[in-house]
Amino acid sequence: MELIGAGIAVLTGLGAGIGIGMATSKAAEAIARQPEAAGAINKTLLLGCALAEATAIYGFVVALLLIIMK
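Every residue gets a number counted from 1 within its own chain, in the order that chain's sequence is written. Under the rules for a predicted model, residues below a pLDDT of 70 receive no local features and side-chain atom pairs below 80 are neither given nor counted, while totals for whole chains, interfaces and linings still include all residues. Values shown for side chains rest on all heavy atoms present in the structure; no hydrogens or waters enter the calculation.

### Digging into the packing of helix α1 (residues 2-10) against helix α3 (residues 38-68)
Thinking step 1. Where α1 meets α3, the closest approach of the two axes is 8 Å, and the angle between their N-to-C directions is 170°. With respect to their mutual orientation, α1 and α3 come out roughly antiparallel. In this structure, α1 contributes Glu 2, Leu 3, Gly 5, Ala 6, Ala 9 and Val 10 to the contact, and α3 contributes Gly 59, Phe 60, Val 62, Ala 63, Leu 66 and Ile 67.
Thinking step 2. In terms of residue class, the contact of α1 with α3 is made up of 9 nonpolar, 2 polar and 1 charged. Only the contacting stretch of a helix is used when fitting its axis, a line to C-alpha atoms as for every element, and angles between N-to-C directions run 0 to 180 degrees. Only runs of H or I of at least four residues qualify as helices and only runs of E of at least two qualify as strands under DSSP, and these elements are numbered from the N terminus. Should an angle fall under 35 degrees it is called roughly parallel, over 145 degrees roughly antiparallel, and 65 to 115 degrees roughly perpendicular, with every other angle called oblique. Whether two residues are in contact is decided by their heavy atoms, any of which lying within 4.5 Å being enough. Any residue that is not Ala, Val, Leu, Ile, Met, Phe, Trp, Tyr, Cys, Pro, Asp, Glu, Lys or Arg is counted as polar, Gly included; the first ten are nonpolar and the last four charged.

Structural data, given as structure tokens:
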């Protein structure tokens, strides 16, 4: 049962990947429409990507803990 939980916890990486991809696409769109705001858009994009990636890493750590503590 722990292994099923670990597999589900790793799926957080899927959500993070989709979220980062969508954010990058929207940021590229925004820069194409308003090139002078590229600096501010990039800062916001990087912060959002870091937070999304942290969520994926937390899911991975939980999965590892479930497997190791079995």
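### Re the packing of helix α2 (residues 12-33) against α3
Thinking step 1. In the contact formed by α2 and α3, the axes pass within 8 Å of each other and the chain directions differ by 175°. The angle between α2 and α3 places the two elements in the roughly antiparallel class. For the pair α2 and α3, the contacting residues are Thr 12, Gly 13, Ala 16, Ile 20, Ala 23, Thr 24, Ala 27, Ala 30 and Ile 31 in the first and Ala 38, Ile 41, Asn 42, Leu 45, Cys 49, Ala 52, Glu 53, Thr 55, Ala 56, Gly 59 and Phe 60 in the second.

### Some remarks on the confidence of the model for the chain
Thinking step 1. For the chain, the average pLDDT comes to 91, and 100% of its residues sit at 70 or higher.
Thinking step 2. Confidence of the predictor at the level of single residues is given by pLDDT, which spans 0 to 100. Looking at the elements of the chain, mean pLDDT is at its lowest for α1, recorded as 87, and at its highest for α2, recorded as 93.

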